[in-house]
Amino acid sequence: MKETAEFLSWVGVALVTLIPIINPVSTAVLLLSISEHLSDKERNRQVMWACIFMTAILVVFLFAGHLIIVAFGISIPGIRLAGGMVIGVLGFRMLFPGEGHITIEGRQEARQKPNLSFSPLAMPSLSGPGSIAVVITMSSTIDGQHGIDKALAFSGVVVAILLTAIISWLILRGAGFLKRFLGVNGADSLSRIMGFLLVCIAIQFAIVGVRDLILDTGFWHR
């Protein structure tokens, strides 16, 4: 029972963190604007591959997170603070949108591409710097904690990534309906709500990072 609760807690935390930062609703709007030259069948096929690519990218960074931290000599508080700043910047951009994260030139190029699944859908839209920073931070958190079942924790995050991919696939498949249902203002409002959640998550990441830095006696004796 305890293991099940721990597993579900990791799934829940990872899912609640990833969904706002990936923001599949904004990707759905992007998809409609750059896939006018594709048939419904081809667009759906590329949506499926975009979600597969996104899953692969995030899982790779999840398991490579510890190696990246060791290779570059990054401390766990450092990765949490950096991850919080990246997520915070993305959250503020969603709260106070200016230009989109895909440039006008990028959109024009995407409209001419026969394959949109890897770029710009999988990267940078679904699995961009923010989501990658999240999974690396989670990887470092799991590695840095004692008294937990690390295999269970990593499995929970992987399941959350898979659930996020399924949710993204469903939203992207229903992009046309979503746009008609929400409208431009509705999609913008939802994006702003997710931006606010991201800012809250970023601040929490930073608080934990500062706390760990203060409690890190090895850092103060260097």
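Just above, that's the structure.
Summarised in this report is the structure supplied together with it.

Parameters and conventions
Residues numbered from 1 in each chain as written. Predicted model: local features only at pLDDT ≥ 70, side-chain atom pairs only at ≥ 80, totals over all residues. Heavy atoms only, no water. Helix = DSSP H or I, 4+ residues; strand = E, 2+ residues; numbered from the N terminus. Buried < 20%, exposed > 50% of the residue type's maximum accessible area, 1.4 Å probe, protein only. Contact = heavy atoms within 4.5 Å. Areas by Shrake-Rupley, 256 points an atom, 1.4 Å probe, with all protein chains shown as cover. Lys, Arg positive; Asp, Glu negative; His and termini not counted. Salt bridge = Lys/Arg side-chain N within 4 Å of Asp/Glu carboxyl O. Patch = residues over 30% accessible without salt bridge, like charges linked within 9 Å, V, L, I, M, F, W, Y side chains within 5 Å. Axes fitted to C-alpha atoms, helices over the stretch in contact; angles between N-to-C directions. Parallel < 35°, antiparallel > 145°, perpendicular 65-115°, else oblique. Left-handed = near helix turned anticlockwise from the far one by under 90°. Nonpolar A, V, L, I, M, F, W, Y, C, P; charged D, E, K, R; others polar. 1 Å grid on protein atoms, 1.4 Å probe; cavity = no way out; pocket = protein on both sides within 12 Å on 5 of 7 lines; lining within 4 Å. Points joined across faces, edges and corners; volume = space filled by probe spheres on them. Phe/Tyr/Trp six-rings, centres within 6.5 Å; stacked < 30°, edge-to-face > 60°.

What follows deals with the overall build of the protein chain. When helices and strands are tallied, the protein chain shows ten helices and zero strands. Element order for the protein chain, N to C, with α for helix and β for strand: α-α-α-α-α-α-α-α-α-α. Residue burial in the protein chain is summarised as follows: out of 222 residues, 41% are buried. Long-range pairs, those at least 24 residues apart, make up 89% of the contacts in the protein chain between residues at least 6 apart in sequence. Summing over all exposed atoms, the protein chain offers an accessible surface of approximately 12,000 Å²; the carbon and sulfur share of this is 69%.

Moving on, we come to the side chain of Glu6. By the secondary structure assignment, Glu6 is in helix H1 (residues 2-22). An unpaired buried charge is present at Glu6: no salt bridge exists, and Lys2, the closest side chain of opposite charge, is 6.1 Å distant. Excluding residues within four positions of it along the chain, Glu6 makes contact with Ile148, Asp149 and Leu152.

Time to look at a nonpolar patch on the surface. There is a patch of nonpolar side chains on the surface, built from Met48, Trp49, Ile52, Leu163, Ile166, Trp169 and Leu170 and spanning about 620 Å² of accessible area. Here the element with the most residues in the nonpolar patch is helix H8 (residues 150-173); it accounts for four residues. Residue placement: Met48 occurs in helix H3 (residues 40-72).

Where H3 contacts helix H6 (residues 117-126), the two axes come as close as 9 Å, and the packing angle between them is 45°. With respect to H6, the element H3 is oriented oblique. For H3 against H6, the interelement crossing comes out right-handed. Contacts between H3 and H6 pair Gln46, Trp49, Ala50, Phe53, Met54 and Ile57 from the former with Ser117, Phe118, Leu121, Ala122, Met123 and Leu126 from the latter. Looking at the contact of H3 with H6 residue by residue, the classes come out as ten nonpolar, two polar and no charged.

Its volume calculated, the second largest pocket comes out at about 300 Å³. Forming the boundary of the second largest pocket are 13 residues, of which Trp10, Val13, Met138, Thr141 and Phe205 lie nearest the centre. Elements supplying a minimum of two residues to the lining of the second largest pocket: H1, helix H7 (129-144) and helix H9 (175-215). Within the lining of the second largest pocket, the residues separate by chemical class into six nonpolar, six polar and one charged.

Bringing unusual backbone geometry into the picture now. In this model, Asn23 sits at a positive phi of 50°, which is unusual for a non-glycine residue. Relative to the helices and strands, Asn23 resides in the loop between H1 and helix H2 (24-34). Given a relative accessible area of 3%, Asn23 falls into the buried group.

Below, the discussion takes up the environment of Ile87. Structurally, Ile87 can be placed in helix H4 (residues 76-95). The exposure class assigned to Ile87 is buried, which follows from its relative accessible area of 0%. Through-space distance from the C-alpha of Ile87 to that of Leu198 is 6.3 Å; in sequence the pair is 111 residues apart. If we skip the residues at most four places from it in the chain, Ile87 touches Ile21, Gly130, Val134, Leu198, Ala202 and Phe205.

What follows concerns the packing of aromatic side chains. Scanning the model with the defined rule gives four aromatic pairs in all. Between the aromatic rings of Phe53 and Phe118, the centroid separation amounts to 5.4 Å while the plane-to-plane angle is 85°, which identifies the pairing as edge-to-face. In this pair, Phe53 sits in helix H3 while Phe118 sits in helix H6, placing the two residues 65 residues apart along the sequence. Classification of Phe53 by relative accessible area gives partly exposed; the value is 27%. On the basis of relative accessibility, which here comes to 41%, the residue Phe118 falls in the partly exposed class.

The analysis is restricted to geometry; functional conclusions fall outside its scope.
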